[in-house]
Amino acid sequence: MSTHDGEDDIVIDEQVDEAIALGQQLVTSILDRKPFEIVRGEIDAGAPLWFQDDEGTSALHAAAYVEDEELVRYLIQNGALWNAVDNLHNTPGDIALSMNNESIYALIRDAGIRSELLLSLLASKELLLNSPLSLVLKATDTTAAGSTENYLTSPLRFTTDEYGQDICLLKINEEEEVGVMMGWERGIMQKTVDTLCLDHENLQDGLTVLNVGFGLGIIDSMFQALPTKPAQHVIIEAHPDVLKHMQQLGWYDKPGVIILEGKWQDFVEREELLSVGGFDVIYTDTFSEDYKDLHNFFGQVPNLLSGPGSRFSFFHGLGATNAMFYDVYTHVSELHLAEVGLDVEWSDVDVFSDSGYRWGKTREYFGRRLYRLPVSKMRRL
């Protein structure tokens, strides 16, 4: 290594130390409720808005703590990270929510919505491949839980846990398993089927139903239990272990049931789907796909629905371990559905009664008390 390389390293270390010192001073000044002009002066002097202290507190976290709406707005306008999480996994928006400060919460949430919509637009133009929130949600997970290709080549285990709950488990490593689908979701699935189907004009004649992702077969069994069985019930499933489980349960022999073995991307423009002539009800709940994949599916839905009375829903577990992320993705998905001509109505399902036992020893993937259930219809012109 040359002398110049050593000198360059020293300069870089000094710059990093200076940035950390300025960032720490900024967080301290905000928590000490220093006047706005002093805080702005520190930012102008180079205090980095990305800095987080030993507890994970950023300048935007601090501004939310002291409930300074003017400062929150200023920080957002100057690039503060709305989705930074502290050591307790709280975003600045979560802090505002805990303070019952609705106006500051709305400021931070709306910044997240704008950010995701912009980044999604850029990604659609192939200018950007990943958004910051997508990275937070996936947590750069390259295991079978975060990679579709790895998931499809990983073994699944169908079992019953110590509470009598049916579960489908994916082994992440020697120490951890994650639920691909779990029995506690039955309440969500029943409310979904009831909302999608029970007042549908074609129910008595037998609905045409498309479900993407079989899992434990909870929602498909509920579709089959409708007062009139579906006239045609198409299930798309890609995982070989799930397909084997479906064969063992007799799904391949059920009248009116068509099973397409593969990913939904394999079939959206193929005769197996197009020959149906459109579906009365479409539902999707895939594992290991991210929001980008779901957003792409939204774009296919209008071509797959049979008419204005048809309905679409999806399992809304987007960012569901964090209140802020869940709220942002509720709004973002609604806006993206509107872009393709689908109006969505939301209803709440209280899943709190199952929270005491639902996870067992598996990784938690839904941490909210209220599940937001979306049902979309084509916009009437």
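Reading the values: rules and limits
Per chain, residues are indexed from 1 in the order of the written sequence. For this predicted model, a pLDDT threshold of at least 70 governs which residues receive local features, and a threshold of 80 or more governs which side-chain atom pairs are given and counted, while totals over whole chains, interfaces and linings are taken from all residues. As a rule here, side-chain values cover all heavy atoms of the structure and leave hydrogens and water aside. Comment: elements are numbered from the N terminus, with helices defined as DSSP H or I runs of at least four residues and strands as E runs of at least two. Throughout, exposure labels follow a simple rule: accessible area from a 1.4 Å probe, protein chains only, divided by the maximum for the residue type, with under 20% read as buried, over 50% as exposed, and the rest as partly exposed. Axes here mean lines fitted to C-alpha atoms, for a helix over just the part in contact, with angles spanning 0 to 180 degrees between N-to-C directions. Oblique is the label for any angle not under 35 degrees, not over 145, and not in the 65 to 115 range, which are roughly parallel, roughly antiparallel and roughly perpendicular in turn. Here a crossing is called left-handed whenever its near helix is offset anticlockwise from the far helix by less than a right angle, and right-handed whenever the offset is clockwise. Any pair of residues with heavy atoms lying within 4.5 Å of one another is described as a contacting pair. Along the chain, pLDDT gives the predictor's confidence residue by residue, from 0 to 100. Side-chain classes are defined by residue name, with Ala, Val, Leu, Ile, Met, Phe, Trp, Tyr, Cys and Pro counting as nonpolar, Asp, Glu, Lys and Arg as charged, and the others, Gly among them, as polar. Any two strands are treated as partners once DSSP identifies two or more bridges connecting them. We define a nonpolar core as any set of buried Ala, Val, Leu, Ile, Met, Phe, Trp, Tyr and Cys residues linked to one another through side-chain atoms lying within 4.5 Å. For this analysis, a salt bridge means a side-chain nitrogen from Lys or Arg found within 4 Å of a carboxyl oxygen belonging to Asp or Glu. The residues that make up patches have over 30% relative accessible area and no salt bridge, and they are joined within 9 Å when like-charged or within 5 Å when they are Val, Leu, Ile, Met, Phe, Trp or Tyr. Per-residue accessibility takes into account occlusion by the displayed protein chains alone, with areas from the Shrake-Rupley method and a 1.4 Å probe. By the criterion applied in these results, polar contacts are pairs of N or O atoms within 3.5 Å in which, for protein atoms, one can donate a hydrogen and the other can accept it, and in which residues neighboring in sequence qualify only through two side-chain atoms. Each residue after the first adds 1.5 Å to the expected span of a helix. Arc definition: directions from the helix axis to the C-beta atoms. Only four residue types enter the tally: Lys and Arg on the positive side, Asp and Glu on the negative side, with His and both chain ends excluded.

1. Remarks on the overall build of the protein chain
Summing up its helical and strand segments, the protein chain has 14 helices and ten strands in all. Counting only residues that meet the buried cut, the protein chain has 50% of its 381 residues in that class.

2. So, the packing of helix H2 (residues 36–44) against helix H4 (residues 69–77)
Between H2 and H4, the shortest axis-to-axis distance is 11 Å and the interhelical angle comes to 15 degrees. Put simply, H2 runs roughly parallel to H4. Where H2 crosses over H4, the handedness of that crossing is right-handed. Across from Phe36, Val39, Arg40, Ile43 and Asp44 in H2, the residues of H4 making contact are Glu70, Leu71, Tyr74 and Leu75.

3. Side note on the confidence of the model for the protein chain
Averaged over all residues, the pLDDT of the protein chain equals 88, while 87% of them reach at least 70. Note that residues 127–140 has pLDDT below 50 and, in this model, 26 contacts with residues that lie over four places away or in other chains.

4. Quick notes on the packing of helix H13 (residues 291–304) against helix H14 (residues 323–339)
At a closest axis distance of 9 Å, the pairing of H13 and H14 adopts a crossing angle of 30 degrees. Between H13 and H14, the angle falls in the class roughly parallel. In the packing of H13 onto H14, the handedness of the crossing is right-handed. Contact with H13, carried on its side by Tyr291, His295 and Phe298, involves Tyr329, Val332, Ser333, His336, Leu337 and Glu339 of H14 and no other residues of that element. Of the residues that constitute the contact of H13 with H14, the class distribution is five nonpolar, three polar and one charged.

5. Some thoughts on the sheet that holds strand S3 (residues 177–182)
One open sheet holds the three strands; their spatial order is S1-S2-S3, and the pairing between them is antiparallel. Taken across any chain shown, the strands that pair with only one partner, and hence form the sheet edges, are strand S1 (156–160) and S3. Neighbouring strand axes in the sheet, compared pairwise and without regard to direction, differ in orientation by 35 degrees on average. As paired strands, S1 and strand S2 (residues 166–171) are joined by five bridges and run antiparallel to one another. Bridge pairing in S2 places Thr160 opposite Asp166.

6. As for the nonpolar core
Ranked by internal contacts, the top residues of the largest apolar core, which has 59 residues, are Ile30, Leu75, Leu210, Leu273 and Phe312. Ile188, Met189, Leu207 and Tyr365 belong to the second largest nonpolar core, which has 48 residues in total.

7. As for unusual backbone geometry
Phi is positive for Glu67, which is not a glycine, with a value near 55 degrees. Summarising the element assignment, Glu67 is placed in the loop between helix H3 (59–65) and H4. Among the residues examined, Glu67 registers a relative accessible area of 37% and is labelled partly exposed. Despite not being glycine, Asn100 has its phi angle at roughly 60 degrees, a positive value. Relative to the elements of secondary structure, Asn100 occurs in the loop between helix H5 (92–98) and helix H6 (102–124).

8. Here we look at the pattern of salt bridges
Applying the stated criterion to the full structure yields eleven salt bridges. Notably, a salt bridge pairs Glu69 with Arg73, separated by 3.5 Å at the nearest N-O pair. Of the two residues, Glu69 and Arg73 are both situated in helix H4; the distance of four residues between them amounts to about one turn of the helix. Between Glu149 and Lys263 there is a salt bridge whose closest N-O contact spans 3.1 Å. Remark: Lys263 occurs in the loop between strand S6 (257–261) and helix H12 (271–274) and Glu149 occurs in helix H8 (residues 148–152); sequence separation between them is 114 residues.

9. Some details on a nonpolar patch on the surface
Taken together, the side chains of Leu31, Tyr65 and Met99 define a hydrophobic patch exposed on the protein surface, amounting to about 240 Å² of accessible area. Along the chain, Tyr65 turns up in helix H3.

10. Observations concerning H4
Turning to H4, its buried residues are Leu71, Val72, Tyr74, Leu75 and Ile76. Looking at where H4 begins, the residue whose side-chain oxygen comes 3.3 Å from the main-chain nitrogen of Glu70 is Asp68. Gly79 sits one or two residues past H4 and shows a positive phi near 100 degrees.

11. Structural notes on helix H9 (residues 186–197)
Between the first and last C-alpha of H9 there are 16 Å, a value that for twelve residues agrees with the 16 Å anticipated at 1.5 Å per step. Along H9, the residues classified as buried are Ile188, Met189, Thr192, Val193, Leu196 and Cys197. End-on view of H9: buried residues confined to an arc of 130 degrees, all on one side of the axis. Packing partners of the buried residues in H9 comprise S3, helix H10 (218–224), strand S7 (281–284), strand S8 (311–314), strand S9 (342–350) and strand S10 (370–378).

12. Description of the environment of Gly341
Among the structural elements, Gly341 can be located in the loop between H14 and S9. Sequence spacing of Gly341 and Phe298 is 43 residues, and the spatial spacing of their C-alpha atoms is 9.9 Å. Setting aside residues up to four positions removed in sequence, Gly341 forms contacts with Lys377, Met378 and Arg379.

13. Here's the deal with the side chain of Asp161
Among the structural elements, Asp161 can be located in the loop between S1 and S2. For the buried residue Asp161, which engages in no salt bridge, the nearest side chain bearing the opposite charge is Arg157, 9.9 Å off. There is a polar contact of 2.7 Å between the side chain of Asp161 and the side chain of Gln165.

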